[in-house]
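What the coordinates show
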Amino acid sequence: FDRRGRRGMARGALPGARRSILVATRRMSDARKRFQGRCGASMKGKELRRVLLTNDDGPNSPFFDAWVKHLREGLGWECYVCIPAGEMSFVSKSVSKGPLRLDRKDDHTVYVEGGSPAACVNIALHHLSKDVDLVLSGPNVGHNCGRSFLISSGTLGAAMEGALHRFPSIAISFPFFNGWMNWTEDEVFATCRTASDIVFSIWENWESQTEGSIQAEVYNVNVPLGTGSQGKYEIRYTKVDCLASYGSLFGSSDEDQTGDEFIWKPEGIRVFESTTIEVGSDVEAVHDRAVSISPLRADFFRASQVLVPETSNPARP
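Residues numbered from 1 in each chain as written. Predicted model: local features only at pLDDT ≥ 70, side-chain atom pairs only at ≥ 80, totals over all residues. Heavy atoms only, no water.

1. Things to note about the nonpolar core
For soluble globular proteins, the rule of thumb is that nonpolar side chains tend to be buried together. Membership of the largest hydrophobic core comes to 40 residues, with the highest contact counts inside it found for Leu53, Leu136, Ile170 and Val221. With seven residues, the single largest contributor to this core is helix α6 (residues 185–204). Not counting chain neighbours up to four residues away, the residues in contact with Val221 comprise Ile170, Ala171, Ile172, Ser173, Ile198, Ile202, Val291, Ser292 and Ile293. By size, the runner-up hydrophobic cluster in this structure holds 15 residues, among which are Leu52, Ala124, Leu125 and Ala158. (Core = buried A, V, L, I, M, F, W, Y, C linked by side-chain atoms within 4.5 Å. Buried < 20%, exposed > 50% of the residue type's maximum accessible area, 1.4 Å probe, protein only. Helix = DSSP H or I, 4+ residues; strand = E, 2+ residues; numbered from the N terminus. Contact = heavy atoms within 4.5 Å.)

2. Description of helix α5 (residues 154–164)
Working note: α-helix, 3.6 residues per turn, so residues spaced by three or four point in the same direction. Judged by how many residues are buried, α5 sits mostly within the fold: ten of eleven residues are covered. The N-cap residue of α5 is Ser153: its side-chain oxygen and the backbone nitrogen of Thr155 are 3.1 Å apart. After α5 finishes, the residue Arg166 shows a positive phi value of roughly 70°. (Polar contact = N/O pair within 3.5 Å; in protein donor to acceptor, adjacent residues only side chain to side chain.)

3. Let's talk about the pairing of strand β6 (residues 134–141)
For β6, the buried fraction is high: eight of the eight residues fall into the buried class. Relative to β6, strand β2 (residues 50–54) is paired through four bridges, and the arrangement is parallel. Bridge pairing in β6 places Val51 opposite Leu134. As defined by bridge partners, β6 adjoins strand β7 (residues 169–174) across five bridges and the pair is classed as parallel. Bridge pairing in β7 links Asn140 to Ser173. (Pairing = 2+ DSSP bridges.)

4. Side note on the environment of Gly228
Residue position: Gly228 is located in the loop between β10 (218–222) and β11 (233–237). Sequence spacing of Gly228 and Cys192 is 36 residues, and the spatial spacing of their C-alpha atoms is 9.2 Å.

5. Digging into the side chain of Asp57
Its location among the elements puts Asp57 in the loop between β2 and α2 (64–74). An unpaired buried charge is present at Asp57: no salt bridge exists, and Arg270, the closest side chain of opposite charge, is 14 Å distant. One polar contact links Asp57 to Ser89, side chain to side chain, over a distance of 3.3 Å. Apart from residues no more than four positions distant in its own chain, Asp57 is found in contact with Gly86, Glu87, Ser89, Pro139, Asn140 and Val141. (Lys, Arg positive; Asp, Glu negative; His and termini not counted. Salt bridge = Lys/Arg side-chain N within 4 Å of Asp/Glu carboxyl O.)

6. Some details on the packing of aromatic side chains
Considering all chains together, one arrives at twelve aromatic pairs under this definition. Ring geometry for Phe90 against Trp264: centres 5.1 Å apart, planes inclined by 70°, an arrangement best described as edge-to-face. Of this pair, Phe90 sits in the loop between β3 (78–84) and β4 (101–106) while Trp264 sits in strand β13 (residues 262–264), placing them 174 residues apart in sequence. Members of the aromatic cluster, connected to one another through ring pairs, are Phe63, Trp67, Phe174, Phe176, Trp180 and Trp183. Above the ring of Phe177, the side-chain terminus of Arg289 is found at 3.6 Å from the ring centroid. (Phe/Tyr/Trp six-rings, centres within 6.5 Å; stacked < 30°, edge-to-face > 60°. Lys NZ or Arg CZ within 6 Å of the ring centre and 35° of its normal.)

7. What about helix α3 (residues 117–128)?
Extensive coverage of α3 is indicated by the burial of nine of its twelve residues. Residues Pro117, Ala118, Ala119, Cys120, Val121, Ile123, Ala124, Leu125 and Leu128 constitute the buried set of α3. On the buried face of α3, the contacting elements are β2, β3, β4, β5 (109–113), β6 and α5.

8. Description of the packing of α3 against α5
Direction vectors running N to C along α3 and α5 enclose 30°, while the axes themselves pass 7 Å from each other. As far as their axial angle goes, α5 and α3 are roughly parallel. For α3 against α5, the interelement crossing comes out right-handed. Contacts from Pro117, Ala118, Val121, Asn122 and Leu125 in α3 reach Gly154, Gly157, Ala158, Glu161 and Gly162 in α5. Across the contact of α3 with α5, the residue classes break down as five nonpolar, four polar and one charged. (Axes fitted to C-alpha atoms, helices over the stretch in contact; angles between N-to-C directions. Parallel < 35°, antiparallel > 145°, perpendicular 65-115°, else oblique. Left-handed = near helix turned anticlockwise from the far one by under 90°. Nonpolar A, V, L, I, M, F, W, Y, C, P; charged D, E, K, R; others polar.)

What follows is the structure in structure tokens.
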């Protein structure tokens, strides 16, 4: 990013992707001061006035309180929070049918009992906080990269729900590499600050970030935990990795002697440790501890390009 939020073009990687750039924290701080100075970033002539926040880890997320505090107090953003009352990871864009009960914590914070992340976004956009400019989902506790994770992610599912209702939406994830809760408050704060700077720049340049004539509707962003705490960091525009994937997600319960009970025992979920990683992908960026930004759309437009064999017969007996 330069001081105007512009990016260089890719060099020999993905068509339309941007060259990875070393970004000084000072430059992003300039952007943040510019944002505060005019009380909003422009997209189609609009100011960024109100943001809908949600997540899939619920109120006990180790990152969410720091994230909300930074956006509200550090940047002065008006934020409406609507999140699941409990952890709702790996639910994709499923929508809870309810009945769903709201636990109103204050005028700008609601927990939804039994609500999936996508359900939280739907309820908020249509009933609680209709006048928002941007949907921010996350920060996810851990990475969200690679096709298998993006299809499964409740964090991205919530952002996709926002996009389906024509709201610019961004999914944020904080990959970590040194074990659960093995991080400092300073690292979390630095990551929140970096992530908010990236969100601001995406918002400001949304119109110009296209792949050909196709406009991005959702951005999936991975910001490795601690990014920004050491000054410079790398940002890459990436494609979604279709090779690295998880294995079995369930295993037999040790307490069940019949073998008929399965519990959550995921294998291979640290996809950034895979031996098969696509060059130029989100998984590769996370593996290299770089920030990954993947432009996405909430549709199946590429499916129309799949060739159907001439011998296909859709008739059924």
